[in-house]
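Structural features, examined
If you want the building blocks of each chain, they are given just below.
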Amino acid sequence: MSVFTPLQRPQLETFLAPYGLGRLLDFQGIEAGSENSNFFVSLEQGEFVLTLVERGPSEDLPFFIELLDILHDAGLPVPYALRTDSNEALRTLAGKPALLQPRLSGRHIRDVNAQHCHEVGELLARIHLATRDHPLQRKSDRGLEWMLREGKVLATHQTPEATALLGSALAEIAAVQEQVRKLPRANLHADLFRDNCMFEGTHLSGVIDFYNACSGPMLYDLAITVNDWCSDEQGRLDEGRARAVMGAYAALRPFTAAEAEIWPAMLRIACVRFWLSRLIAAEAFAGQDVLIHDPGEFERRLAARQQVSLALPFAL
């Protein structure tokens, strides 16, 4: 189970009392998390999610709280920090920064179709449109500089084939990083995978886990999303699903010529980011009872992205 900081019922009851949401009925750890400790919490007045933030500097947490308030006010189905009777959103529990948020409806899906992908593309565009005029500033702690630095280290103990693949990708990142920095920007989810979206049927009812959110190129967020939602088991892109994501997105925010030009490279960059972070997690948590995603999944996807024939639609 991916709960790094276990909780006891009495300490949780004390923490929850200032929210005025009634008696604690039940709570349980959530297995799906890989970076923070998350709990489902049942109170007399409803269902909630408690997050203990395990990674990243605590000074970034006001950014996440403000961003989710902005997206909630824009009508997007996102969690947002509940306030106590003294208007506190960010608190401490078991020595960790803690947030209590409403539990969103729906369930995660594994078998994805084009309608799911259309909903995801539309949602991503709405996130970007809600923030692009005045994005909150936060530099990703897993951006291009991080990829170049960590990739160089990790490349030294991979298979010869993986080392060559990663080395080529890192050279490309170094070559295009100035182009990337000039692309249209907004606030990004930066981790819009299947396990961070909930659906009721084919309707997207909620999106969670904004703890990788940052300011950056909107196209990068799209590439992250397409790589997860539109890849088959061999890492190849399913063009029908990819066109559904991209078309729904472009209907709300058309792409620029600069974005169209760098799109194939951006898909590869997004593969590198998650390949590296999964390799690091696999080493750090080896032998522990923690959910570790397969690094090889993104190695296969990067290999499959060496040739990209899928162009962005409606580029201006």
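Rules used in this analysis
- Residues numbered from 1 in each chain as written.
- Predicted model: local features only at pLDDT ≥ 70, side-chain atom pairs only at ≥ 80, totals over all residues.
- Heavy atoms only, no water.
- Helix = DSSP H or I, 4+ residues; strand = E, 2+ residues; numbered from the N terminus.
- Buried < 20%, exposed > 50% of the residue type's maximum accessible area, 1.4 Å probe, protein only.
- Contact = heavy atoms within 4.5 Å.
- 1 Å grid on protein atoms, 1.4 Å probe; cavity = no way out; pocket = protein on both sides within 12 Å on 5 of 7 lines; lining within 4 Å.
- Points joined across faces, edges and corners; volume = space filled by probe spheres on them.
- Nonpolar A, V, L, I, M, F, W, Y, C, P; charged D, E, K, R; others polar.
- Pairing = 2+ DSSP bridges.
- Axes fitted to C-alpha atoms, helices over the stretch in contact; angles between N-to-C directions.
- Domains from an automatic or database assignment.
- Salt bridge = Lys/Arg side-chain N within 4 Å of Asp/Glu carboxyl O.
- Polar contact = N/O pair within 3.5 Å; in protein donor to acceptor, adjacent residues only side chain to side chain.
- Expected span 1.5 Å × (residues − 1).

1. Topic: the environment of Val-207
Positionally, Val-207 belongs in strand β8 (residues 203-207). On the basis of relative accessible area, Val-207 is assigned to the buried category, the value being 0%. Between the C-alpha atom of Val-207 and that of Pro-77, which follows or precedes it by 130 residues, the distance is 6.3 Å. Filtering out sequence-adjacent residues up to four positions away, Val-207 remains in contact with Pro-77, Val-78, Pro-79, Leu-104, Leu-123, His-189, Leu-192, Asn-196 and Cys-197.

2. A short note on the layout of surface pockets
Unfilled space is identified by rolling a water-sized probe across the atoms. Taken as a whole, the second largest pocket encloses approximately 340 Å³ of empty space. Contributing to the lining of the second largest pocket are 19 residues, with Gly-143, Leu-144, Arg-185, Ser-215 and Pro-217 lying nearest its centre. Counting only elements with at least two residues in the lining of the second largest pocket, the list comes to α4 (144-154), α5 (160-181), β6 (185-188), β9 (214-217) and α8 (257-284). Of the residues belonging to the lining of the second largest pocket, the class tally is nine nonpolar, five polar and five charged.

3. Side note on the sheet that holds strand β4 (residues 91-93)
Reading across from one edge, β1-β2-β3-β5-β4 is the order of the five strands in this open sheet, with antiparallel pairing throughout. Looking at which strands have only one partner, the edges of the open sheet turn out to be β1 (24-29) and β4. Across this sheet, the average inter-strand angle for adjacent strands is 35°, counted without regard to direction. Looking at chain direction, β4 and strand β5 (residues 96-102) are connected through three bridges and run antiparallel. The residue of β5 that forms the bridge with Arg-91 is Ala-98. Relative to the sheet, helix α1 (residues 9-16) contacts β1, β2 (37-43), β3 (46-52), β4 and β5, its axis offset from that of β1 by approximately 115°.

4. Description of the domain arrangement of the protein chain
Here the protein chain is partitioned into domain 1 (9-102) and domain 2 (114-305). Relative placement of domain 1 and domain 2: their C-alpha centres are 26 Å apart. Listed by partner, the interface residues are 25 residues for domain 1 and 23 residues for domain 2. Run the count over domain 1 and domain 2 and you get one salt bridge. Measuring nitrogen to oxygen at the nearest pair gives 3.1 Å for the salt bridge that ties Asp-60 to Arg-138. On the surface where domain 1 and domain 2 come into contact, there are three residue pairs in polar contact (both at pLDDT 80 or more). At the level of elements, α2 (61-73) and β5 are the ones that each hand at least two residues to the side of domain 1 that touches domain 2. Element by element, the count of residues in the side of domain 1 that touches domain 2 is highest for α2, at seven residues.

5. A few points about helix α6 (residues 218-229)
Taking 1.5 Å of rise per residue, 12 residues should cover 16 Å, and α6 covers 17 Å from first to last C-alpha, within 8% of that figure. Within α6, the full set of buried residues consists of Met-218, Leu-219, Tyr-220, Asp-221, Leu-222, Ala-223, Ile-224, Thr-225, Val-226, Asn-227, Asp-228 and Trp-229.

6. Here's the deal with the pairing of β3
Across the seven residues that make up β3, a large majority, five, are buried. Where β2 and β3 come together, seven bridges link them in antiparallel fashion. Bridge pairing in β3 places Ser-42 opposite Glu-47. Connecting the antiparallel pair β2 and β3 is a turn made up of two residues. As judged from the five bridges shared by β3 and β5, these two strands associate in the antiparallel manner. Looking at β5, one finds that Leu-52 is bridged to Ala-98.

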